[in-house]
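# Architecture and fold: a report
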Amino acid sequence: MTILVLGATGKTGRRVAATLGSAARPVSRSSALRFDWSDESTWDAALAGATAVYLVPPALNLEWAEVAAFLPRAAAAGVRRVVYLSARGIDPADRREAVVRESTVDWTILRPTWFHQNFTEDFLLPMVLADEVALPIGPGRHPFIDAQDIADVAVAALTSDGHAGKVYELSGPEALSFPEAVAQIAEASGRTIRVTDVPEGSFLETLVGFGISRDYAETLIGSLTAVRDGHDAHLSTGVQDVLGHAPRSFADYVKAAASSGAWA
Ligand SMILES: NC(=O)c1ccc[n+]([C@@H]2O[C@H](COP(=O)([O-])OP(=O)(O)OC[C@H]3O[C@@H](n4cnc5c(N)ncnc54)[C@H](OP(=O)(O)O)[C@@H]3O)[C@@H](O)[C@H]2O)c1
């Protein structure tokens, strides 16, 4: 069994590949076997012999047309199952999810909340290390999820029956505000970290300054606005439904990250 893992250097793809072990074929633009969404000539070698795909759309620039072109190529190569990483609160008109649903292969859609690992492996890390987390967020709460829980659900859907045509909404076990989450990080790391509520416009420019495209920065701000307005605080049960146990807590994530020196 060969399972093609896209985005294999990213927060969930790396964990999916590690959990699958020798069944995984991990690829991205920087892997030995290169896969690039914007270079179709890299797709067939990655797909050769694969029977399932973990499909991670890159956060910054993937258009639905690329997913729509990729899925028939995957089916023709012998892929029978696709697990697609989407997001909770996704616009119902999102064409990327729609083309996955229209595909001829068995599909499963994962819709997670914001990942814990954004504080250690993504754009929130430099803010923590600068001792100021500046977001247009206010006291709104959000049930952050651990990337390993998403990976475990993905592996279950990739390797066992009963997940075709399912959409799993995935969250952590409790909703925390950003100030509460950052306070846990501050305590565990011994840092003094300020949380500043900034206007959306200036945050947009900060994201663009980090190299994030304006389009994706606007999408991120849209999801932060949902958090600020309290529309994204509810818990989802996908982790329990698929894995039969509770999701990992933010406190456990913080403890492990602090002891590995992530915020030293
Ligand atoms: N982060 C969150 O909190 C969160 C929450 C819910 C949903 N999501 C969704 O999850 C998806 C992935 O986001 P993420 O934060 O998990 O990203 P991530 O950790 O940065 O992973 C993205 C992966 O895509 C690869 N990649 C980037 N551009 C590529 C290209 N042109 N061709 C092939 N591979 C490419 C990257 O590897 P290389 O650079 O090596 O190519 C990396 O392995 C997004 O659609 C996002 O909306 C994220």
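Residues numbered from 1 in each chain as written. Predicted model: local features only at pLDDT ≥ 70, side-chain atom pairs only at ≥ 80, totals over all residues.

### Some words on the environment of Gly165
Of note, Gly165 is situated in the loop between α7 (147–159) and β8 (166–170). According to the C-beta neighbour criterion, Gly165 is exposed, with 9 such atoms within 10 Å. Residues Gly165 and Arg80, 85 residues apart in the sequence, show an inter-C-alpha distance of 13 Å. (Helix = DSSP H or I, 4+ residues; strand = E, 2+ residues; numbered from the N terminus. Buried ≥ 20, exposed ≤ 12 C-beta atoms within 10 Å, placed from the backbone.)

### As for the environment of Tyr54
Along the chain, Tyr54 falls in strand β3 (residues 52–55). Taking the number of C-beta atoms within 10 Å as the measure of exposure, Tyr54 has 28 and is therefore buried. C-alpha separation for the pair Tyr54 and Glu174, spaced 120 residues apart in sequence, amounts to 27 Å. Here Tyr54 is in contact with Ile3, Val5, Leu6, Gly13, Val16, Val83, Ala154 and Leu158, once residues within four sequence places are set aside. (Contact = placed C-beta atoms within 7 Å.)

### Section: the nonpolar core
Counting 68 residues, the largest nonpolar core has Val5, Leu6, Tyr54, Leu110 and Ala154 as the members making the most contacts within it. It is α7 that contributes the most residues to this core, eight residues altogether. Beyond its immediate chain neighbours, meaning those up to four positions away, Ala154 contacts Thr12, Val16, Tyr54, Val83 and Leu110. (Core = buried A, V, L, I, M, F, W, Y, C linked by C-beta atoms within 7 Å.)

### With respect to the packing of helix α9 (residues 200–209) against helix α10 (residues 214–228)
For the pair α9 and α10, interaxial distance at closest approach is 9 Å and the crossing angle is 135 degrees. Classed by the angle they form, the pair α9 and α10 counts as oblique. α9 and α10 meet at a crossing whose hand is right-handed. For the pair α9 and α10, the contacting residues are Glu200, Phe203, Leu204, Leu207 and Val208 in the first and Arg214, Ala217, Glu218, Leu220 and Ile221 in the second. (Axes fitted to C-alpha atoms, helices over the stretch in contact; angles between N-to-C directions. Parallel < 35°, antiparallel > 145°, perpendicular 65-115°, else oblique. Left-handed = near helix turned anticlockwise from the far one by under 90°.)

### Remarks on helix α12 (residues 250–259)
The set of residues buried in α12 consists of Phe250, Tyr253, Val254 and Ala257. Down the axis of α12, the smallest arc covering the buried residues is 100 degrees, so these residues share one side. Positive backbone phi, approximately 85 degrees, marks Gly261, located one or two places after α12. (Arc of directions from axis to C-beta.)

Note that every value here comes from positions in space, so none of it alone points to a role or purpose.
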